[in-house]
Amino acid sequence: MTTSRTWAMLWLLLGTFIVTGAPAFGSFDHPTVWAGIGDSYSSGEGIPGARGPCQRGHHQGTDATAWPVGAYELLIDDEAVVFQGMGLVACTGAITDDAEGQLDEASDRLDRSEFEIVTLSFGGNNIGFADVLLGCLDVNNLPWGALDLPGGCDVSEAEMRDRIDMLAGKAPIGRGYRGSVTLPQLYDRIADRVPSGGDVLVVGYPHLVEEPDRWPRWQRTLLPYCQGIQKRDVPLIRSATGYLNEQLALAVEDADERHHDEGIRFHFLDVSRDPYEFSESPDDRHALCSRDPWLNGLTTGISSGTLRKERSFHPTQEGHRNTARVVADYFRRSVRMDDGAWELTPIGIGPIALGMSAEEVRALGIDLRTERGPFCDAWKVPGVTGIRMAAPRSSGVLESISIIGGRSGAGGVVPGDSEAELLNRFGARLKSAGRFPELNDRYYRLYGNAGETAVQFTVDTSKGEVAFEEAGYVGQFYYPDGNELCA
Amino acid sequence: MNRTLALLFVTAVIAAIIGVVLLGSGSDDDSAGSGASGQASKLPGATATDAATTLDYLEAGGAQLLLMHMAALELGSDPSSDDCNAAAERLNREVSPEEIVGLSAGVNDAPLQAALLRERDQLAQVLAHCLSENPGAAARLEQVVQALAAATDLIDDRVDQLEDVRG
């Protein structure tokens, strides 16, 4: 059979199997586990019903839903990743030094030493942001007559930047900094607890107060206060938050560079933009003193009537709900749930492994549908899109899994990846397997450790990007080695 | 007849323009100046329910805010050092600056909350300047006292507004 005929057959078959929608699936050899570590901005403090000394919003008899829990629920509802569970172990007041303890807690709770997904927000408490805010409010236990003058924030912008540089590991740790673990150290320690193929998502901090120029006129001119924060202090607070997010993003980028080859990806999500200040439109802005704030202002205890320093200036349930939405969207769009699953032998999708029969898959409780083709059965699982699973009638077991576009891949390769980057990443492991000039493609194969499984893919030479990919047992691919499964 | 109609039409247009200008001048923040005087007329309106909630709070849980306000009124006009000492002593016995922040958080009327926090800051400045032995501080006392007086006036006006709305 000629190559073009092979392709013709392939596309004929694909015509039968392609389903619309973008794929997202886990191809770990066990279900995915998610650890939600971090500080109060991850734990859910600020949401009515957040409980316990850590102020965690994970239901427990209330509707309180912190963003990690909300994002997890969105993903299990509409994606095909097979989750074993998630542990929200973030805690109010936590600093970077507490991360390992939180991961231990997640291990105990989930009975797993490693986590395919780790989400977090850390750093705000290291730089003493809460105390800085209390200083801005002059909440400092001083008596009348001794209140510091002229009032307002007690630290300078330069001092805040110094502390953030300490956090980022760019300056020696010194005065004003809490803890000893810098961001690079934190991310490396987290990477030790993430298997190849796992993802770490770092979430930044929202701006607390809207830009004063956008405040209502009476507040700009007559009473220049926003929840006790003086107008003149807002630039300092916004600038510090912006610089913190900038340094978090850079540290995440560096961590991704360091751990990319291990198959661990680091991601940063700047929530100060999306969802909190998505555009210039007042409808899309949600800091305090905006039209529709998603943060608590000054908050008092119902019984005591005293200021609840902790809950104040933390996101409301609406803030968490929208952050959850953005995080879930980010996972769907950008995170490869299955990258680096290379070591898996036999390769599979979630709980489905190569070599399984349809009966065995159904015995796992999976709603497997089969479609009869000329030589093979095509397998489909409702909700799992963009994946083609083929079981030749001769064997009756799953022998090929193909990824037919979108956001997912196997072995750390995803359609859309740059050819140059893959060559750089995999080096000699990436085997060139020919070229098809008439199709404007180059063709590569990446073998698994035992040599029994492989991922192969074509590169669209006009773009230099991965165009089509499939994974399976060596010898069971469509092309170009002559073993044309299903043809 | 035609000239009369034309005159009437022009008069109506001018009246409409004046009306739009007057309404527009307060439209930025839904200002409602019912019964308000001075700068308070630039503050946004409140619903009867919100006004009632705020005023009820000031009479119950937030009553200590009024202690601060009373002290501010006393010191809002040429205070002596004896006045300042007495006020500081009384306030420190009754309600701390930190507690004022917590109590203000319970005020659901945003302008009044901001006005109370501003009054706290101005009162603290007056006391600090008044009790200071630094001659420079004493020289600035008059200026901070004026600022405190403006802060207390605005609170009084806002409370009047809320009472008018509550009915």
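All values reported here derive from a predicted model rather than from experimental measurement.

Draft legend 1. Looking closely at the overall build of chain B. Helices and strands together make up the secondary structure of chain B, namely seven helices and zero strands. Each helix and strand of chain B, placed in order from N terminus to C terminus, yields the pattern α-α-α-α-α-α-α. Per-residue burial over chain B gives 40% buried out of 167 residues. In chain B, of all internal contacts separated by at least 6 residues, the share reaching a separation of at least 24 is 73%.

Draft legend 2. Looking closely at the overall build of chain A. On a plain count of helices and strands, chain A comes out with twelve helices and 17 strands. The proportion of buried residues among the 487 residues of chain A is 50%. In chain A, once contacts between residues fewer than 6 apart in sequence are set aside, the share between residues at least 24 apart is 64%.

Draft legend 3. Summary view of the packing of helix 7 (residues 183-191) of chain A against helix 9 (residues 234-259) of chain A. Residues and elements named next belong to chain A. Across the interface, helix 7 lies against helix 9 with an axial gap of 10 Å and an inter-helix angle of 40 degrees. Judged on the interaxial angle alone, helix 9 and helix 7 are oblique. Of the two possible hands of crossing, helix 7 and helix 9 adopt the one that is right-handed. Along the contact surface, helix 7 presents L183, P184, Y187 and A191, while helix 9 presents L248, A251, D254, A255 and H259.

Draft legend 4. The arrangement of helix 6 (residues 157-167) of chain A in detail. All names here are of chain A. Those residues of helix 6 not exposed but buried are M160, R163, I164, M166 and L167. In an axial view of helix 6, the angular spread of the buried residues amounts to 155 degrees, which keeps them on one side of the axis. Check the buried side of helix 6 and you find it contacts helix 7 and helix 9. Once helix 6 finishes, G169 follows within two positions and takes phi at roughly 80 degrees, a positive value.

Draft legend 5. The arrangement of the interface of chain A and chain B in detail. Each partner contributes to the interface: chain A provides 26 residues, whereas chain B provides 31 residues. Tallied by class, residues from the side of chain A that touches chain B come to 14 nonpolar, ten polar and two charged.

Draft legend 6. Spatial organisation of helix 2 (residues 48-59) of chain B. For helix 2 of chain B, spanning twelve residues, the distance from its first C-alpha to its last is 16 Å, which sits close to the expected 16 Å at 1.5 Å a residue. Taken together, the buried residues of helix 2 of chain B touch helix 3 (63-75), helix 6 (110-131) and helix 7 (135-166) of chain B.

Draft legend 7. The sheet that holds strand 7 (residues 265-269) of chain A, seen in detail. Residues and elements named next belong to chain A. Strand order in the open sheet formed by five strands is 2-1-3-4-7, with parallel pairing between adjacent strands. Strand pairing shows two members of the sheet lacking a second neighbour, strand 2 (83-88) and strand 7, which therefore form its edges. Adjacent strand axes in the sheet meet at a mean angle of 15 degrees, parallel and antiparallel pairs treated alike. Where strand 1 (residues 32-36) lies against strand 2, five bridges are found, and the strand directions are parallel. The residue bridging V33 from the neighbouring strand is G85, located in strand 2.

Draft legend 8. Seen up close, the confidence of the model for chain B. Residues and elements named next belong to chain B. Overall, the prediction assigns chain B a mean pLDDT of 82, with 78% of residues at 70 or greater. Between residues 17-36, whose pLDDT stays under 50, and residues either more than four places distant or in other chains, the model counts 26 contacts. Scored as a complex, the prediction yields pTM 0.69 and ipTM 0.73.

Draft legend 9. Structural context of unusual backbone geometry. Residues and elements named next belong to chain A. Here the bond from D274 into P275 is cis, since omega is 20 degrees, no more than 30 degrees from zero. With respect to the secondary-structure elements, P275 resides in the loop between strand 7 and helix 10 (317-334). Of note, D138 is a non-glycine position whose phi angle comes to about 55 degrees, a positive value. Structurally, the position occupied by D138 is in the loop between helix 5 (129-136) and helix 6.

Draft legend 10. Representation of the environment of L120(A) in the model. Residue and element names in this part refer to chain A. Position of L120 among the secondary structure elements: in strand 3 (residues 117-120). Since 26 C-beta atoms lie within 10 Å of it, L120 is described here as buried. Counting along the chain gives 148 residues from L120 to F268, while the straight-line C-alpha distance between them is 9.8 Å. Each residue touching L120, except ones within four places of it in the same chain, is listed here: I37, G38, S42 and V202.

Draft legend 11. Representation of the nonpolar core within the structure. With 131 residues, the main nonpolar core has I37(A), V118(A), V209(A), V327(A), L75(B), L123(B) and L127(B) as its most contacted residues. Considering every element that reaches this core, the biggest residue donor is helix 6 of chain B, with twelve residues. Ignoring sequence-local partners within four residues, the contact set of V118(A) consists of A35(A), I37(A), I190(A), V194(A) and V200(A). Residues L354(A), M356(A), A390(A) and A391(A) belong to the second largest nonpolar core, which totals twelve residues.

Draft legend 12. Region of interest: the pairing of strand 1 of chain A. All names here are of chain A. Burial of strand 1 is extensive: five of the five residues sit out of reach of the surface. Across the two faces of strand 1 the burial is the same, with T32, W34 and G36 and V33 and A35 all buried. With three bridges joining them, strand 1 and strand 3 adopt parallel strand pairing. Directly across from A35, in strand 3, lies its bridge partner V118.

Draft legend 13. Inspection of the environment of D97(A) at higher detail. Residues and elements named next belong to chain A. Within the element layout of this structure, D97 appears in the loop between strand 2 and helix 4 (99-110). According to the C-beta neighbour criterion, D97 is partly exposed, with 17 such atoms within 10 Å. Between the C-alpha atoms of D97 and V181, which are 84 residues apart in sequence, the distance is 5.4 Å. Aside from chain neighbours lying at most four places away, what touches D97 is G179, S180 and V181.

Draft legend 14. Quick peek at the packing of helix 5 (residues 97-105) of chain B against helix 6 of chain B. Residue and element names in this part refer to chain B. Where helix 5 meets helix 6, the axes come as close as 9 Å, and the angle between the chain directions of the two elements is 170 degrees. Comparing their axes, helix 6 and helix 5 come out roughly antiparallel. For the pair helix 5 and helix 6, contact is made by P97, I100 and S104 and by Q113, L116, L117, R120 and A124, respectively. Grouping the amino acids of the contact of helix 5 with helix 6 by side-chain chemistry returns five nonpolar, two polar and one charged.

Draft legend 15. Spatial organisation of the confidence of the model for chain A. Residues and elements named next belong to chain A. Here chain A shows a mean pLDDT of 80. Residues at 70 or above account for 76%. Across chain A, the element-wise mean pLDDT spans from 30 in helix 1 (residues 3-17) up to 98 in helix 7. Confidence drops under pLDDT 50 across residues 1-29; counting only partners more than four residues distant or on other chains, this segment forms 77 contacts. Here residues 337-346 is modelled with pLDDT under 50, and outside its nearest four sequence neighbours on either side it reaches 48 contacts, counting other chains as well.

Draft legend 16. Geometry of the environment of A251(A). All names here are of chain A. Tracing the sequence through the fold places A251 in helix 9. Overall, the presence of 23 C-beta atoms within 10 Å leaves A251 in the buried class. Spatially, the C-alpha atom of A251 lies 9.0 Å from that of G169, the residues being 82 residues apart in sequence.

Conventions used here
- Residues numbered from 1 in each chain as written.
- Chains lettered and ligands numbered in written order.
- Predicted model: local features only at pLDDT ≥ 70, side-chain atom pairs only at ≥ 80, totals over all residues.
- Helix = DSSP H or I, 4+ residues; strand = E, 2+ residues; numbered from the N terminus.
- Buried ≥ 20, exposed ≤ 12 C-beta atoms within 10 Å, placed from the backbone.
- Contact = placed C-beta atoms within 7 Å.
- Axes fitted to C-alpha atoms, helices over the stretch in contact; angles between N-to-C directions.
- Parallel < 35°, antiparallel > 145°, perpendicular 65-115°, else oblique.
- Left-handed = near helix turned anticlockwise from the far one by under 90°.
- Arc of directions from axis to C-beta.
- Nonpolar A, V, L, I, M, F, W, Y, C, P; charged D, E, K, R; others polar.
- Expected span 1.5 Å × (residues − 1).
- Pairing = 2+ DSSP bridges.
- pLDDT = per-residue confidence, 0-100.
- Core = buried A, V, L, I, M, F, W, Y, C linked by C-beta atoms within 7 Å.

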